[in-house]
Amino acid sequence: MIPSDIGENNKFSTVKGSSQYYDALERYSRLLKKKYLLFRDIKREDEVLISKEEIQQMFKRIDSKGSLAAKLDILRSMLMQRLDELKIIHLSADWVDDALQHYGTDHIHQFERQTHDIVKMEGYLRKQVVGDAFRIIERRVNSQGHIRYIAQYLHFLRSIPQLIDLSSFGITTEEWASHVEVVLKDMKKNRLSLYDMTGYYALLLQMKGMMTQKAYQYICIDEIQDFTPFQLRLLKKLYPRARYIMAGDLNQNIWQNNLDYKELERILEEEEISRHLLLTSYRSTQEIMAFADQFALLEDHRAQPIRSRKKPEVLHQSHTHFDETLKSRLAEHIGKGERVAFLTPTAVGLNEVKPFLESWGVDHQVISSDDSIMNKQVVAMPIGLAKGLEFDVVVACGTDAILASLPNDSRQQIWYTIFSRAMHQLYIMTTDEETALLKGTDPSSYEVL
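Residues numbered from 1 in each chain as written. Predicted model: local features only at pLDDT ≥ 70, side-chain atom pairs only at ≥ 80, totals over all residues. Heavy atoms only, no water.

A.B. asks: Give me the lowdown on the overall build of the chain, citing residues and values where you can.
C.D. replies: Of the regular secondary structure elements, the chain holds 18 helices and 13 strands. For 449 residues, the compact-globule formula gives about 22 Å, and the C-alpha radius of gyration of the chain, at 31 Å, lies well above that figure. The dimensions of the chain, computed from C-alpha atoms along their principal axes, are 100 × 50 × 45 Å. Burial analysis of the chain (449 residues in total) assigns 49% to the buried set. Sequence separation of at least 24 residues holds for 76% of the intrachain contacts in the chain that already meet a minimum separation of 6. Of the accessible surface of the chain, which amounts to about 23,400 Å², a share of 49% is contributed by carbon and sulfur atoms. (Helix = DSSP H or I, 4+ residues; strand = E, 2+ residues; numbered from the N terminus. Rg over C-alpha atoms; globule rule 2.2 N^0.38 Å. Buried < 20%, exposed > 50% of the residue type's maximum accessible area, 1.4 Å probe, protein only. Contact = heavy atoms within 4.5 Å. Areas by Shrake-Rupley, 256 points an atom, 1.4 Å probe, with all protein chains shown as cover.)

Given below as structure tokens:
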């Protein structure tokens, strides 16, 4: 599951996207060299060939100073040798006798043509029966199917309170335990969040071996602010020799991924970092960006647009002429063939927009998932799905009900990102003059309709 709405990225996701979580995973993988590994029985149908307890004992006997993956590979080789021994033992097993009774005459005649020795022929047949039965078992062992990977990841999640100070993320041990149960329920429905998917894959690499790629010289990343420190550290581990070209705007970090310049420097500490600010804006007008920049957290990122037009215009729902004004402006832009987007911070906010668009009879499209294709001139969508897009006209929906549903720690980035989607004209829709959205802004940077 890839997050498409602000509300989907909660404090648990912040933990799973952090550098601390990556450090915890590496410490956990070192612990697995000694204990906590979860195995399953190796079976032929219902018969246990090698029990999980026996596998555990074999693993403990391995004296390896290498990585967890190296130790597990030694275990794999030992299990393959044990299966070779078991194949010899099973040559005289009852199930092999039963299989021979049902062997096709074509097979028997084939072996008869190869040898007239009945004893030797039976030996060939028994080896073939056992070999066929064990082939799929050997394939599972070679792919480490005797390790319970999903259960291992859940065990890692349950171990997090001992590996990370969760209080620094505002999370109690009880809250984390409840969250793990939610993850377990999602897994049973074959659902996994992007953050858990990344963590699970990273744990898998620790156990199977980090498949580093040294051939890639350059990796280009756009929208770097949407990456988590965890993802970047994993990427750096996978491509240790690559040089990175990263482009993005940290003022648009609406997912609160805890990624800033200091974190980037820590992740790329062995690299020489060259930073370039691209401040000339070819998208929005001077008036739109002058208003939007009041919500920018990083002042040195303020854009310098080359075009000028009307100031952003504010519409208060409490005004008697609100409907008439917005409807007429909308009709004017539609008549010019301009693309209009009603943008909300969250998907819940769309409920504030859809009623009046429908009552006005406006032909519009509600975009609620990342696989939707925009085919209407007027659209309504949450900002999580509008990142990277631009529209001729943007109506930023910031009523009191919408404001109340937002997390306090990401409001500025959310509104900055919404406002900066507008190319030519920006409207801000609020409840009334007392709106918290405009508090602290320069009244001369916008017009009230």
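A.B. asks: Quick one: what's the story with helix H4 (residues 68–89), residue by residue and with numbers?
C.D. replies: When the terminal C-alpha atoms of H4 are compared, their 32 Å separation across 22 residues agrees well with the 32 Å that a helix rising 1.5 Å per residue should span. Those residues of H4 that fall on the buried side of the exposure criterion are Leu68, Ala69, Lys71, Leu72, Leu75, Arg76, Leu79, Met80, Leu83 and Leu86. (Expected span 1.5 Å × (residues − 1).)

A.B. asks: Report on the sheet that holds strand S11 (residues 391–397), specifying residues and quantitative values.
C.D. replies: Spatial ordering of the open sheet is given by S9-S10-S8-S11-S12-S7-S13, a layout of seven strands whose pairing is parallel. For this open sheet the edge positions go to strand S9 (364–366) and strand S13 (447–448), each flanked by a neighbour on one side alone. With six bridges joining them, S11 and strand S12 (residues 422–430) adopt parallel strand pairing. Paired with Cys397 across the two strands is Met429, which belongs to S12. Across the sheet, helix H15 (residues 350–359) is in contact with strand S8 (340–344), S9, strand S10 (378–382), S11 and S12; its angle to S8 comes to roughly 145 degrees. Each of S8, S11 and S12 touches helix H18 (residues 411–419); the most contacted strand, S11, lies at about 145 degrees to it. (Pairing = 2+ DSSP bridges. Axes fitted to C-alpha atoms, helices over the stretch in contact; angles between N-to-C directions.)

A.B. asks: Please set out the confidence of the model for the chain residue by residue, giving values where relevant.
C.D. replies: Here the chain shows a mean pLDDT of 87. Residues at 70 or above account for 92%. Highest mean pLDDT in the chain belongs to helix H8 (residues 149–163) (97); lowest belongs to helix H6 (residues 105–114) (59). (pLDDT = per-residue confidence, 0-100.)

A.B. asks: Tell me about the packing of aromatic side chains, and please be specific about residues and values.
C.D. replies: For the structure shown, the criterion picks out 17 aromatic pairs. Geometrically, the ring pair formed by Tyr216 and Tyr239 is edge-to-face, given 5.5 Å between the ring centres and 90 degrees between the ring planes. Here the residue Tyr216 occupies a position in the loop between helix H10 (194–208) and strand S3 (218–221), and Tyr239 occupies one in the loop between helix H11 (229–238) and strand S4 (243–246), the gap between them amounting to 23 residues. Take Tyr216: its relative accessible area is 46%, and that puts it in the partly exposed class. (Phe/Tyr/Trp six-rings, centres within 6.5 Å; stacked < 30°, edge-to-face > 60°.)

A.B. asks: I'd like a rundown of the packing of H8 against helix H9 (residues 173–188), residues and numbers included.
C.D. replies: In the contact formed by H8 and H9, the axes pass within 9 Å of each other and the chain directions differ by 165 degrees. One element, H8, and the other, H9, form an angle in the roughly antiparallel class. In the crossing of H8 with H9, the sense of the turn from one axis to the other is right-handed. Along the contact surface, H8 presents Ile150, Tyr153, Leu154, Leu157, Arg158, Ile160 and Pro161, while H9 presents Thr173, Trp176, Val180, Glu181, Val183, Leu184 and Met187. Its residues assigned to classes, the contact of H8 with H9 shows 11 nonpolar, one polar and two charged. (Parallel < 35°, antiparallel > 145°, perpendicular 65-115°, else oblique. Left-handed = near helix turned anticlockwise from the far one by under 90°. Nonpolar A, V, L, I, M, F, W, Y, C, P; charged D, E, K, R; others polar.)

A.B. asks: Lay out the side chain of Ser18 in plain terms, naming residues and giving numbers.
C.D. replies: Among the secondary structure elements, Ser18 is positioned in the loop between helix H1 (11–16) and helix H2 (19–31). A polar side-chain atom of Ser18 sits 3.2 Å from the main-chain amide nitrogen of Tyr21. Every residue in contact with Ser18, bar those within four places of it in the chain, is listed here: Phe169, Pro229 and Phe230. (Polar contact = N/O pair within 3.5 Å; in protein donor to acceptor, adjacent residues only side chain to side chain.)

A.B. asks: Explain the pattern of salt bridges to me, using residue names and the numbers behind them.
C.D. replies: Side-chain pairs of opposite charge can arise where the charged atoms are in close proximity. Across all of its chains, the model carries 24 salt bridges by this definition. A salt bridge links Glu138 to Lys87, with the shortest nitrogen-to-oxygen separation between them at 2.9 Å. One end of the pair, Glu138, is in helix H7 (residues 118–142); the other, Lys87, is in helix H4, with 51 residues separating them in the sequence. Its relative accessible area of 21% is what places Lys87 among the partly exposed residues. Between Asp363 and Lys376 there is a salt bridge whose closest N-O contact spans 3.1 Å. Residue Asp363 is located in the loop between H15 and S9, and its partner Lys376 is located in the loop between S9 and S10; the two are separated by 13 residues in the primary sequence. The class for Asp363 is exposed, based on a relative accessible area of 52%. Exposure remark for Lys376: the relative accessible area of 34% places this residue in the partly exposed category. Where salt bridges share partners, they join Arg44, Glu45 and Glu47 into one cluster. (Salt bridge = Lys/Arg side-chain N within 4 Å of Asp/Glu carboxyl O.)

A.B. asks: If you had to explain the pairing of strand S2 (residues 47–50) to someone new, which residues and values would you point to?
C.D. replies: Across three bridges, strand S1 (residues 42–44) lies against S2 in antiparallel orientation. Within S2, the position partnered with Arg44 by the bridge is Glu47. Following S1, the chain reverses through two residues before pairing antiparallel with S2; Glu45 in that reversal takes a positive phi of roughly 55 degrees.

A.B. asks: How would you sum up the environment of Phe59? Please name residues and give values.
C.D. replies: With respect to the helices, strands and loops of the structure, Phe59 is situated in helix H3 (residues 52–61). Distance from Phe59 to Met78, taken between C-alpha atoms, is 9.2 Å for residues 19 residues apart in sequence. Dropping the residues within four chain positions of it, Phe59 is found in contact with Leu32, Lys33, Leu37, Phe39, Leu68, Lys71, Leu72 and Leu75.

A.B. asks: Describe the nonpolar core, listing the residues and the values that go with them.
C.D. replies: Formed by 61 residues in total, the largest nonpolar core has its most connected members in Tyr21, Leu75, Leu83, Phe156, Ile164 and Trp176. Setting aside residues no more than four positions away along its own chain, Tyr21 makes contact with Val15, Lys16, Tyr153, Phe156, Leu157, Ile160, Ile164 and Phe230. Residues Val314, Ala341, Ile414 and Tyr446 belong to the second largest nonpolar core, which totals 32 residues. (Core = buried A, V, L, I, M, F, W, Y, C linked by side-chain atoms within 4.5 Å.)

A.B. asks: Tell me about unusual backbone geometry, and name the residues and values.
C.D. replies: Despite not being glycine, Tyr36 shows a phi value in the positive range, around 80 degrees. Position of Tyr36 among the secondary structure elements: in the loop between H2 and S1. Classification of Tyr36 by relative accessible area gives partly exposed; the value is 38%. Residue Glu223 is not a glycine yet carries a positive backbone phi of 55 degrees. Considering the arrangement of structural elements, one finds Glu223 in the loop between S3 and H11.

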